[in-house]
Amino acid sequence: MNEQIRAREVRLVGPEGEQVGIVPLERALQLAADVDLDLVEVAPMARPPVCKLMDFGKFKYESALKAREARRNQQQTVIKEMKLRPKIDPHDYETKKGHVVRFLKAGDKVKVTIMFRGREQSRPELGYRLLRRLESEISELGYVEAAPKQDGRNMIMVLAPHRATKAAATAAKAGAPRERDAETTDAAEAPSAGAAVEPAGTAGE
């Protein structure tokens, strides 16, 4: 940039993108000084290198804003895991299915693992049947991204939320701060006698 440029001549581009042409470096620097702008090398490997007249400070600021906005809009993919046994108790199954539903509603993918032990390894159809049951029961929220497959002693299937489910989760997260503020205000005005706490872990297998 500016005096750090070492080329004898440059292909100059004006502040509005107009082509000025090939000019000596001294001339390009003088033109930059005349309009109170920086001479920035935008294609150093070209012959001659391409330089543009610009406000470099403003350019860096706007680039940082765009990068921050891109990060904010980027959807982070999170994969949760749920482990089941092929002969899982009906109550435990419903509990763990509830966790899968909650993960999908939050916009996360879920890796469902059926763990076989001992003689269960000779009955892979039990795990396959259980995974297919789960697939059908959560079909309104998600779909099978990776079909069930055997991996050693385990059978694995990956579920992903439907686009509408993920969009709803993103919208809910965007409005979460406002909702929390409202809840805090309500709590201050009318304290409740108690509050429900979500269990920290899943039900036992």
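No experiment lies behind these values; they were computed from the predicted model shown. (Residues numbered from 1 in each chain as written. Predicted model: local features only at pLDDT ≥ 70, side-chain atom pairs only at ≥ 80, totals over all residues. Heavy atoms only, no water.)

K.L.:
Please provide a residue-by-residue account of the environment of Asp-151, values included.
P.N.:
The topology assignment puts Asp-151 in strand 7 (residues 142-151). Look at Asp-151 and you get partly exposed, because its relative accessible area is 46%. As a C-alpha pair, Asp-151 and Thr-113 span 38 residues in sequence and 9.5 Å in three-dimensional space. (Helix = DSSP H or I, 4+ residues; strand = E, 2+ residues; numbered from the N terminus. Buried < 20%, exposed > 50% of the residue type's maximum accessible area, 1.4 Å probe, protein only.)

K.L.:
Mind laying out helix 3 (residues 90-105), listing which residues take part and the relevant values?
P.N.:
End to end, helix 3 covers 22 Å across 16 residues, agreeing with the expected 22 Å (1.5 Å per residue, within 8%). Where helix 3 starts, the residue carrying a side-chain oxygen 2.8 Å from the main-chain nitrogen of His-91 turns out to be Asp-89. Gly-107 occupies a position one or two residues after helix 3 and carries a positive phi of about 90 degrees. (Expected span 1.5 Å × (residues − 1). Polar contact = N/O pair within 3.5 Å; in protein donor to acceptor, adjacent residues only side chain to side chain.)

K.L.:
Let's hear about the nonpolar core: which residues, and what values?
P.N.:
Ranked by internal contacts, the top residues of the largest apolar core, which has 20 residues, are Leu-84, Val-110 and Leu-159. Listing elements by their share of this core, those giving two or more residues are strand 5 (79-84), helix 3, strand 6 (109-115), helix 4 (124-137) and strand 8 (154-161). Broken down by element, this core gets its largest block of residues, 5 residues, from helix 3. If we ignore the near neighbours within four places in the chain, the residues touching Val-110 are Lys-80, Met-82, Val-100, Phe-103, Leu-104, Met-157, Val-158 and Leu-159. Ranked by size, the runner-up nonpolar core spans 10 residues in total, among them Val-10, Val-23, Leu-25 and Cys-51. (Core = buried A, V, L, I, M, F, W, Y, C linked by side-chain atoms within 4.5 Å. Contact = heavy atoms within 4.5 Å.)

K.L.:
Tell me about the sheet that holds strand 3 (residues 38-43), and name the residues and values.
P.N.:
Read across the sheet, 4 strands follow the order 2-1-4-3 without closing on themselves; strand pairing throughout is mixed. The sheet is open, and its two borders are formed by strand 2 (19-24) and strand 3, each paired with just one other strand. Along the sheet, successive strands turn relative to each other by an average axial angle of 35 degrees, direction set aside. The sheet contact formed by strand 1 (residues 9-13) and strand 4 (residues 50-54) spans 3 bridges and is parallel. (Pairing = 2+ DSSP bridges. Axes fitted to C-alpha atoms, helices over the stretch in contact; angles between N-to-C directions.)

K.L.:
Provide a residue-level description of the sheet that holds strand 6, including the pertinent values.
P.N.:
Pairing in this open sheet of 4 strands is mixed, and the strands run 5-6-8-7 from one edge to the other. Each end of this open sheet is capped by a strand with a single partner; those strands are strand 5 and strand 7. Taken pair by pair, the neighbouring strands of this sheet meet at an average axis angle of 20 degrees, ignoring direction. Sitting on the sheet, helix 3 is in contact with strand 5, strand 6, strand 7 and strand 8, with an inclination near 170 degrees to strand 5.

K.L.:
Please provide a residue-by-residue account of the pairing of strand 8, values included.
P.N.:
For strand 8, the buried fraction is high: 7 of the 8 residues fall into the buried class. Sheet topology places strand 6 next to strand 8; 6 bridges connect them, and they run antiparallel. Among the inter-strand pairings, Thr-113 is bridged to a residue of strand 8, identified as Ile-156. Sheet topology places strand 7 next to strand 8; 7 bridges connect them, and they run antiparallel. Bridge pairing links Val-144 to Leu-159 in strand 8. In this antiparallel pair of consecutive strands, strand 7 and strand 8, the connection spans 2 residues, and Gly-152 shows a positive phi of 65 degrees.

So far we have only geometry, and geometry alone does not tell us how the molecule works.
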